[in-house]
Amino acid sequence: MNAKRLTIVGVALSATAAVAYAQLGGYTQANLSSTATGKSFLQVINDLNRLYLYPVDQEKLLRGAITGALGSLDDEFTYYSQPEDNAIDSENLSGEFYGIGVQLVAANPDGTGGKIDNVFRTGAASTAGVQIGDVFVKIDDKDVTSAKLNEIVRLVRGKQGTTVNVTFARDGKPYTVRMERQPVAIVSVEQTVLPGNIGYIALNTFYNEKASEQFAAAVADMKKKKVSSLILDLRDNGGGLLNAGRDVADQFMQSGPIVSLRDRSKRTQVFGGNATNRATDYTGKLIVLVNKNSASASEVVSGALQDTGRATIVGEQTFGKGVAQIPTTLPDGGKAAIVNSEWLTPKGREIHKKGITPDVVVKDTRYTTPPNLTGSGVTPGAKVTFTIEGKPVTVTADKDGKFSYTGEIKRPSRSAAQGEAVVDLQTDAILKKAVELLSK
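What you see is a predicted model; the values in this text were computed from it and never measured.

## Remarks on the overall build of the protein
Helix and strand content of the protein: ten helices and 23 strands. In terms of principal-axis extent, the alpha carbons of the protein reach across some 70 × 65 × 50 Å. The burial tally for the protein puts 41% of its 440 residues in the buried class. Contacts spanning at least 24 positions in sequence make up 67% of the contacts within the protein whose residues lie at least 6 apart. Of the roughly 23,100 Å² that the protein leaves accessible, carbon and sulfur atoms contribute 53%.

Below is the structure:
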């Protein structure tokens, strides 16, 4: 993230921090022991090192203290990222890294493990024959069947030209491939033209420094194809860079504020200035698709276009993240994300914990509810077999004779060609409704 993007918000943070210190005071290295609580903190650290039965990992101990300090605010959007996680975030934000050319999702119900969600045609994984649904078993010599997803990503990525051995399981049968890490560019925009010459652009994330230029290129392509109208799909887009959200909204607005920030002193200022009237803007009929996972910058865009009457919003009530964070890189390589302002729509609406209500409410039908079965009373370790949708499913009872099964959530199909959208009007009620509205 470049400095210019941070400055607009960062100035407000600096002023706020100065006021907070003057009014409330704060701990420094010199005065940490000046209060009973500060003394208690130091004593606990010292007592752990002096008395604890097992060796103490000093780095883990202090990072736990940082996590606890930010967690005490009970604010899910103010948090600490470990250095290794922050390194992955930085790569994702830059939009470029070296890897094998796949997208991953968690393999296990508890969010651990890794499974292939998409394989890009130009990557090493495609050449090696890796397929959607393959499950990570080992990376080099490390078992990753229950590893955190970020750990799997970290092990797969590396320096350009280096190799990695990955053991996958396909239908329960393992196989191992050796792949060379190659450049991977994150393409956050997918597009196609729907029946009736309706343009369709899906923006998957704003957490990409190239999102603005990728989106502008997609809009230019739609104009070149002379589409009759346009659908902007922001479903499942959890947000990212605030300036990227502003840039996307500006592609459809010619004047007026897009989003404003309000700090703790209730001072409000327009973020990034008013919308500008440019020849590259799309001025035709527009519908924006949202669902319950549309958050943050996605709500900036949908809120601005709804307030100004520029677009019809179709779908589900959005998530409701109406606050902006300042990310601070720490000396250990970690990151502290600190909420420092709330944002407002052009009409001054606060959407935090409320969300955006669509103009036309339609349930997202792309995801089906998976079967979820639990039971007990069988012999510990016994195999229990069910037939679900015509297929046998076997689970193993635990030491108490209990067993459970959670089916897999059906995910929308994705193209193996980055930038190419795959849609299904028959199973996608929100998109189908949007097409009907534009076809009238």
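## Points about unusual backbone geometry
Phi is positive for aspartate 140, close to 55°, though the residue is something other than glycine. Under the relative-accessibility criterion, aspartate 140 is labelled partly exposed at 37%. Even without being a glycine, lysine 353 presents a positive backbone phi close to 65°. With respect to the helices and strands, lysine 353 occurs in the loop between β18 (335-344) and β19 (360-361). When its relative accessible area of 72% is taken as the criterion, lysine 353 is described as exposed.

## A closer look at the pattern of salt bridges
The tally for this structure, following the rule as stated, stands at 23 salt bridges. We note a salt bridge from aspartate 221 to lysine 225, for which the minimum N-O separation is 3.2 Å. Residue aspartate 221 is classed as partly exposed on the basis of its relative accessible area of 23%. Residue class for lysine 225 comes out partly exposed when judged on its relative accessible area of 41%. Across the pair aspartate 364 and arginine 366 runs a salt bridge whose closest N-O atoms are separated by 2.8 Å. Each of Asp233, Arg235, Asp236, Asp364, Arg366 and Asp428 takes part in salt bridges that share partners, so that together they form one network.

## Brief notes about the packing of aromatic side chains
All told, the structure shown has six aromatic pairs when counted by the stated rule. Centroid distance phenylalanine 136 to phenylalanine 168: 4.7 Å. Interplanar angle 55°. Geometry classified as tilted. Linking phenylalanine 136 in strand β5 (residues 135-139) with phenylalanine 168 in strand β7 (residues 163-170), this pair joins segments that are 32 residues apart in sequence. Judged by relative accessible area, which is 1%, phenylalanine 136 ranks as buried.

## Side note on the confidence of the model for the protein
It should be kept in mind that the predicted coordinates are not to be read in detail where pLDDT is low. When pLDDT is averaged along the protein, the result is 90, and 94% of the positions lie at 70 or above. Within the model, the stretch residues 1-24 combines pLDDT values under 50 with 31 contacts to residues more than four positions away or in other chains.

## Some points on the sheet that holds strand β11 (residues 198-203)
Backbone hydrogen bonds hold the strands of a sheet together, and the pairing may be parallel or antiparallel. Strands sit in the order β10-β11-β12-β15-β16-β19 across an open sheet of six strands; the sheet is mixed. Among the strands making up the open sheet, the edge pair consists of β10 (189-194) and β19. Bridge analysis of strand β15 (residues 286-290) against strand β16 (residues 312-315) gives four bridges, and the strand direction is parallel. If you follow leucine 289 over to β16, its bridge partner there is valine 314. Where helix α7 (residues 211-224) meets the sheet, its contacts fall on β10, β11 and β12 (229-233), and the angle it forms with β10 comes to roughly 15°.

## Quick look at the packing of helix α8 (residues 242-250) against helix α9 (residues 297-307)
Where α8 contacts α9, the axes come no closer than 8 Å and their chain directions differ by 30°. Classified by the angle between their axes, α8 and α9 sit roughly parallel to one another. Between α8 and α9 the crossing geometry is right-handed. Within the contact between the two elements, α8 uses Leu242, Gly245, Val248 and Ala249 and α9 uses Ala297, Val300, Val301, Ala304 and Leu305.

## Re α9
For α9, the tally of buried residues reaches eleven of eleven residues, placing the bulk of the element in the interior. Looking at α9, one finds that the buried residues are Ala297, Ser298, Glu299, Val300, Val301, Ser302, Gly303, Ala304, Leu305, Gln306 and Asp307. Residues of α9 that are buried sit in contact with β12, α8, β15, β16 and β18.

## Section: the nonpolar core
Ranked by size, the top nonpolar core spans 40 residues in total, and within it Phe215, Leu232, Phe252 and Val288 carry the most contacts. For this core, the secondary structure elements donating two or more residues are β11, α7, β12, α8, β15 and α9. In contact with valine 288, other than residues within four places in its own chain, are Leu232, Leu234, Ser302, Leu305, Ala311, Thr312, Ile313 and Val314. By size, the runner-up hydrophobic cluster in this structure holds 19 residues, among which are Ile100, Ile116, Phe136 and Ile152.

## Thoughts on α7
The first and last C-alpha atoms of α7 sit 20 Å apart over 14 residues, in line with the 20 Å expected at 1.5 Å per residue. Every buried residue of α7 is listed here: Ala211, Ser212, Gln214, Phe215, Ala218, Val219 and Met222. Buried residues along α7 cover an arc of 165° about the axis, so they all sit on one side. Exposed residues pointing more than 90 degrees away from the buried face of α7 are listed as Glu213 and Lys224. Positive phi shows up at lysine 226, right after α7, with a value of about 55°.

## Details of the packing of helix α4 (residues 83-94) against helix α6 (residues 149-156)
Between α4 and α6, the shortest axis-to-axis distance is 10 Å and the interhelical angle comes to 65°. With respect to their mutual orientation, α4 and α6 come out roughly perpendicular. Between α4 and α6 lies a crossing whose hand is left-handed. In contact with Glu84, Asp85 and Ile88 of α4, α6 contributes Asn150, Val153 and Arg154. In terms of residue class, the contact of α4 with α6 is built from two nonpolar, one polar and three charged.

What counts and what doesn't
Residues numbered from 1 in each chain as written. Predicted model: local features only at pLDDT ≥ 70, side-chain atom pairs only at ≥ 80, totals over all residues. Heavy atoms only, no water. Helix = DSSP H or I, 4+ residues; strand = E, 2+ residues; numbered from the N terminus. Buried < 20%, exposed > 50% of the residue type's maximum accessible area, 1.4 Å probe, protein only. Contact = heavy atoms within 4.5 Å. Areas by Shrake-Rupley, 256 points an atom, 1.4 Å probe, with all protein chains shown as cover. Salt bridge = Lys/Arg side-chain N within 4 Å of Asp/Glu carboxyl O. Phe/Tyr/Trp six-rings, centres within 6.5 Å; stacked < 30°, edge-to-face > 60°. pLDDT = per-residue confidence, 0-100. Pairing = 2+ DSSP bridges. Axes fitted to C-alpha atoms, helices over the stretch in contact; angles between N-to-C directions. Parallel < 35°, antiparallel > 145°, perpendicular 65-115°, else oblique. Left-handed = near helix turned anticlockwise from the far one by under 90°. Core = buried A, V, L, I, M, F, W, Y, C linked by side-chain atoms within 4.5 Å. Expected span 1.5 Å × (residues − 1). Arc of directions from axis to C-beta. Nonpolar A, V, L, I, M, F, W, Y, C, P; charged D, E, K, R; others polar.

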